[in-house]
Amino acid sequence: MSRSYVKIPRTSFVSKPFVNGYTDIDKYNTVFVIGNSDETENIFEETAPEYIKMRCMLTSRAIFPDVTISAGYRTSPSGQDFVMQKKLYDGSEILMKNMVSEVDIEFLDFQSEKNVDKTIFIKNPVIFKKMFKIQNVSKRIPNYPDKTNEQSEIFMTKSDAHLFAGIYYPGIKLSDIQPYLFYVGTNARTEPYLRVISARDALQTQKVKISKDIVIGLLSTLEDDICNGAVKFVLHNYNYYSTSAQKNTLTSNIFTILFRRC
C-alpha cells in the first residue's frame, strides 16, 4: 500500500493579524451586534453602570406649629369631668431636642465610579426628603379608660397615639430615624400627662393603640425607605433605585447608598 504526503508550506504574516490590532478600534463610536438579535449593545458604555455607590450626607429641619391638644378625663368612672390642655411643641411637656419635621439626603460624591456625570447632583444635591407628619392644628382627642390597668382600683385613662414628629441627631442609625407619636392620659395619681413613643415601640410593644387614621407606611424608618427603593434618580435616561445603605459612624452624618439600574 502506497502513501502520499502533502507538504504544508511554512509561511508568516506580512502584517499583524486583526486581533493584534484591536486597540486601534474607535471604542467610543463602535457598536457590536450580539448574536442574531436586531438590538445592539455598546459594550464600551461606562456612563450608566448597573450599580452605583453614592456617598451622602444627612441634614434636618425642625419647624413646628403652635398647637394645643385637649382631652376630657375623669378621676373615677362616675366622677366629675375634667379637660386637660397641653401645648404640643413648646417643650414644656415634651423634650424637643432631636425632634425634627424633615430629614434630607444630600449627594456628596460617587464612591468608586469616576466617569459618571455629577452635574445634576451638584446643581440639586438633595436627592430625597423624608417628611414627618406633624400635628398642624389644635384639636381635642378622645381619651379612654386604660385597659392595661384594669386590675387597679385607680381609674386611669389613655388616648390613641397620633403622629408627632421624627427624630434625628448626628451619628444616629438609619433604622432609628423614624416617626414619633404622642398620646395623653392620666397617671396613677390621676394627673394628666402628655407623652411620646417611637413608631417601633408603638408597633412592637403595643403599649398604646395607634390611631386608625395613621397609614402603616407613615411609620417607616429612613432605612425602610432606602431598602424599599424610595430614593431614586435618573441618569442618562436610566432609572436608579436605592437597594441598601451602610452607616457605621458614631458621630458623623455621612453614609453610603447602593443604587441599582432598572
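Being a predicted model, the structure only gives us computed values, none of them experimental.

Spatial ordering of the open sheet is given by β5-β4-β9, a layout of three strands whose pairing is mixed. On the outer flanks of this sheet lie β5 (81-87) and β9 (139-140), each paired with one strand and no other. By the bridge criterion, two bridges tie strand β4 (residues 68-74) to β9 in an arrangement that is parallel. In the strand pairing of β9, Ser70 is matched with Arg140.

Assignment of secondary structure puts Phe121 in helix α1 (residues 119-123). Classification of Phe121 by relative accessible area gives buried; the value is 3%. With 15 residues separating them along the chain, Phe121 and Glu106 place their C-alpha atoms 8.7 Å apart. Sequence-distant contacts of Phe121, defined by excluding residues within four places in its chain, comprise Met54, Phe107, Phe110, Ile127 and Phe233.

Turning our attention to the environment of Gly229. Checked against the element boundaries, Gly229 lands in the loop between α3 (222-227) and β15 (232-235). Given a relative accessible area of 13%, Gly229 falls into the buried group. In this structure the C-alpha to C-alpha distance between Gly229 and Thr243, which are 14 residues apart in sequence, comes to 5.8 Å. Aside from chain neighbours lying at most four places away, what touches Gly229 is Tyr241 and Ser242.

This paragraph deals with the sheet that holds strand β8 (residues 126-131). Two orientations exist for strands paired in a sheet by backbone hydrogen bonds: parallel and antiparallel. Read across the sheet, six strands follow the order β8-β7-β3-β17-β16-β15 without closing on themselves; strand pairing throughout is antiparallel. Of all strands in the sheet, those with a lone pairing partner are β8 and β15, marking the two edges. Strand-to-strand, the axes of this sheet are offset by a mean angle of 35°, without reference to chain direction. Relative to strand β17 (residues 254-261), strand β16 (residues 238-246) is paired through six bridges, and the arrangement is antiparallel. Each residue of the ladder has a partner; that of Gln246, found in β17, is Thr256.

Before going further, it helps to examine the pattern of salt bridges. For the structure shown, the criterion picks out 10 salt bridges. Residue Lys158 is joined to Asp146 by a salt bridge in which the shortest nitrogen-to-oxygen separation is 3.8 Å. Here Lys158 is found in strand β11 (residues 157-158), whereas its partner Asp146 is found in the loop between β10 (144-145) and β11, with 12 residues between them in sequence. Taken individually, Lys158 and Asp146 each receive the classification buried, so the pair is uniform in this respect. Across the salt bridge formed by Arg200 and Asp176, the nearest N and O atoms sit 3.2 Å from each other. Of the two residues, Arg200 is situated in helix α2 (residues 199-205) and Asp176 in the loop between β12 (162-167) and β13 (179-186); the sequence distance between them amounts to 24 residues. What emerges from the salt-bridge pattern is a single network uniting Glu102, Asp104 and Lys129.

Scoring rules and cut-offs
Residues numbered from 1 in each chain as written. Predicted model: local features only at pLDDT ≥ 70, side-chain atom pairs only at ≥ 80, totals over all residues. Heavy atoms only, no water. Pairing = 2+ DSSP bridges. Helix = DSSP H or I, 4+ residues; strand = E, 2+ residues; numbered from the N terminus. Buried < 20%, exposed > 50% of the residue type's maximum accessible area, 1.4 Å probe, protein only. Contact = heavy atoms within 4.5 Å. Axes fitted to C-alpha atoms, helices over the stretch in contact; angles between N-to-C directions. Salt bridge = Lys/Arg side-chain N within 4 Å of Asp/Glu carboxyl O.

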